[in-house]
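# Report on the structure
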Amino acid sequence: MDISAMSWDLSPQEAVNLQRELAGRVSFRPLPKRFDILAASDIAYAKEKNRLVAVIVTFRWPDLEPVEAVHVISPVRFPYIPGLLSFREVPALLEAYELLRLPPDVMLCDGQGIAHPRRLGLASHLGLCLAIPTVGCAKKRLCGIHGPLELRRGFDVPLVMNGEIVGCVLCSRDGVKPLFISPGHLSDLETSRELVRRCLGRFRIPEPLRQAHHLATRLREQLTTRA
DNA sequence: GCGACAG
DNA sequence: ATCTTGTCGC
């Protein structure tokens, strides 16, 4: 199957079948010890106009100095269905990716990696399409179970699915709701968690994702405020 | 049948 | 995610 020529106009059932097939192609390995560019992606929706803004921002690693930011605005053509988020967001992110002048070495995604019912969350799906390492960083749990977590910055507990550890639940700041970290593609449990830890600033959301989210929101405003 | 349910 | 007002806290 040729991922680059993939059709994105699928029925939910076809999407599920595709996920089952693609999940077997996800691979795991430690993220590179050293690399130059980290990317973070996010999407904002202009509900009224049925359009979305896909944003990718890149940073130098490990200092996190901004490098470039790109975005695309495109129509929403797949409904939100828990477990099928990637079919709604990945197509636009692939378009945005083409606009980057400097290809990133790793991408942080706003959603799950393999912590997914069929082990193919947004981060895994996107990483597979781009053939680059990705890490999933979600604000809520999709599936899996975990024990109690002490709400102190840096603390984490394993996220378990069917007896297997698929990620971790990480407290990014004292007293806040935890993040759900899982490997996307070409990454692993430990290096994914450490990458996110190194991206933590003074807010709950890791700084790169937070900036991508800010830009997406700002662009959505323009879309709503203008003609 | 009854919840749970990324963004 | 989006919509939406005031409000509690550092």
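Refer to the structure presented above.
Residues numbered from 1 in each chain as written. Chains lettered and ligands numbered in written order. Predicted model: local features only at pLDDT ≥ 70, side-chain atom pairs only at ≥ 80, totals over all residues. Heavy atoms only, no water.

## What to know about the protein's contact with DNA strand B
The line we're drawing: In this text, near means that some heavy atom of the residue lies within 4 Å of the molecule or strand in question. Definition of a polar contact: a pair of N or O atoms within 3.5 Å, with one able to donate and the other able to accept a hydrogen when the atoms are protein atoms, and with sequence-neighbouring residues admitted only if both atoms are side-chain atoms. Basically, the charged four are Asp, Glu, Lys and Arg, the nonpolar ten are Ala, Val, Leu, Ile, Met, Phe, Trp, Tyr, Cys and Pro, and anything else, Gly included, counts as polar.
Near DNA strand B, the surroundings consist of 17 residues, among which Tyr80, Gly83, Leu122, Lys139 and Arg141 are the closest. When the atoms of DNA strand B within 4 Å of the protein are grouped by moiety, sugar and phosphate amount to 52% of the total. Asp110 has a polar side-chain atom sitting 3.1 Å from a sugar or linking oxygen of DNA strand B. Contact between DNA strand B and Gln112: a base nitrogen at 3.1 Å from a main-chain N or O atom of the residue. For the surface near DNA strand B, the class distribution of residues is seven nonpolar, five polar and five charged.

## Section: the state of the cysteines
To keep things clear, this is the line we draw: In what follows, a disulfide is any cysteine sulfur pair within 2.5 Å. Partly exposed describes any residue whose relative accessible area lies between the buried limit of under 20% and the exposed limit of over 50%, with all areas from a 1.4 Å probe on protein chains only and scaled to the type maximum.
In total, this model carries zero disulfides according to the counting rule given. The closest cysteine sulfur to the non-disulfide-bonded Cys143 is located on Cys168, 14 Å from its own sulfur. For Cys143, a relative accessible area of 13% gives the class buried. Of all cysteine sulfurs in the structure, the one in Cys137 sits closest to Cys168, which takes part in no disulfide; the separation is 9.3 Å.

## Some thoughts on the packing of aromatic side chains
Any aromatic ring pair is given by two values, namely how distant the centres are and how the planes are angled relative to each other. Filter applied, for reference: Between rings of Phe, Tyr and Trp, where Trp is taken as its six-membered ring, a pair exists when centres lie within 6.5 Å; planes separated by under 30 degrees are stacked, by over 60 edge-to-face, and by other angles tilted. Definition used: whenever NZ (Lys) or CZ (Arg) falls within 6 Å of the ring centre and also within 35 degrees of the ring normal, the charge is taken to sit over that ring.
A full pass over the atoms with the stated rule returns three aromatic pairs. Counting every residue linked through ring pairs, the aromatic cluster contains Trp8, Phe78 and Phe87. One residue, Arg210, lies across the ring of Phe203, its end atom 3.7 Å from the ring centre.

## As for unusual backbone geometry
What counts is decided by this rule: Helical segments are the DSSP runs of H or I of at least four residues, strand segments are the runs of E of at least two, and each set is numbered from the N terminus.
Each neighbour pair has its own omega, and for Trp61 with Pro62 the value is 5°, a cis peptide bond. In this fold, Pro62 is placed in the loop between strand E2 (51–60) and strand E3 (66–75). Its identity is not glycine, yet Ala131 carries a phi of approximately 60°, on the positive side. Within the secondary structure layout, Ala131 lies in the loop between helix H3 (122–130) and strand E5 (134–138).

## Concerning the protein's contact with DNA strand C
Within the structure, DNA strand C sits among Ala44, Tyr45, Lys139, His213 and Arg220. For DNA strand C, the backbone portion of the atoms within 4 Å of the protein, that is sugar and phosphate, comes to 100%. In the model, a phosphate oxygen of DNA strand C is placed 3.3 Å from a nitrogen or oxygen of the Tyr45 main chain. Arg220 places a side-chain nitrogen or oxygen 3.1 Å from a phosphate oxygen of DNA strand C.

## Considering the sheet that holds strand E1 (residues 37–46)
Heads up, the condition is: Whether two strands pair depends on DSSP finding at least two bridges between them. Here, axes are lines fitted to C-alpha atoms. For helices the fit covers the stretch in contact, and angles between N-to-C directions go from 0 to 180 degrees. Note on contacts: a residue pair is in contact if any heavy atoms of the two residues lie within 4.5 Å.
Judged by pairing direction, the sheet is mixed, and its eight strands sit side by side in the order E3-E2-E1-E4-E5-E8-E7-E6 without closing on themselves. The strands lining the two open edges of the sheet, one partner per strand, are E3 and strand E6 (156–161). Across the sheet, the mean angle separating the axes of adjacent strands is 25° when strand polarity is ignored. Relative to E5, strand E4 (residues 106–109) runs parallel, the two being bridged by three bridges. When the sheet's bridge partners are listed, Met107 is paired in E5 with Thr134. Of the strands in this sheet, E1, E4, E5 and strand E8 (179–185) are in contact with H3, which crosses E8 at around 25°.

## A look at the nonpolar core
As a reminder of what qualifies: For this analysis, a nonpolar core means a set of buried residues of the types Ala, Val, Leu, Ile, Met, Phe, Trp, Tyr and Cys, connected via side-chain atoms within 4.5 Å.
Ile56, Met107 and Leu126 are the most contacted members of the largest nonpolar core, which totals 47 residues. If you tally residues by element for this core, the top one is helix H2 (residues 86–97), at seven residues. With near-sequence residues (within four places) excluded, Ile56 lies in contact with Ala39, Ala40, Ser41, Glu68, Ala69, Val70, Leu93, Ala96, Tyr97, Leu100 and Met107. In terms of nonpolar packing, the next biggest core, distinct from the first, is built from 30 residues, Ala40, Val53, Val106 and Leu209 among them.

## Examining the side chain of His125
Turning to its location among the elements, His125 is positioned in helix H3. Relative accessible area serves as the criterion here: at 0%, His125 is assigned to the buried category. A distance of 2.8 Å separates the side chain of His125 from the side chain of Ser86, its partner in a polar contact. Discounting chain neighbours no more than four positions away, the residues touching His125 are Met6, Trp8, Leu22, Ser86, Phe87, Val90 and Leu120.

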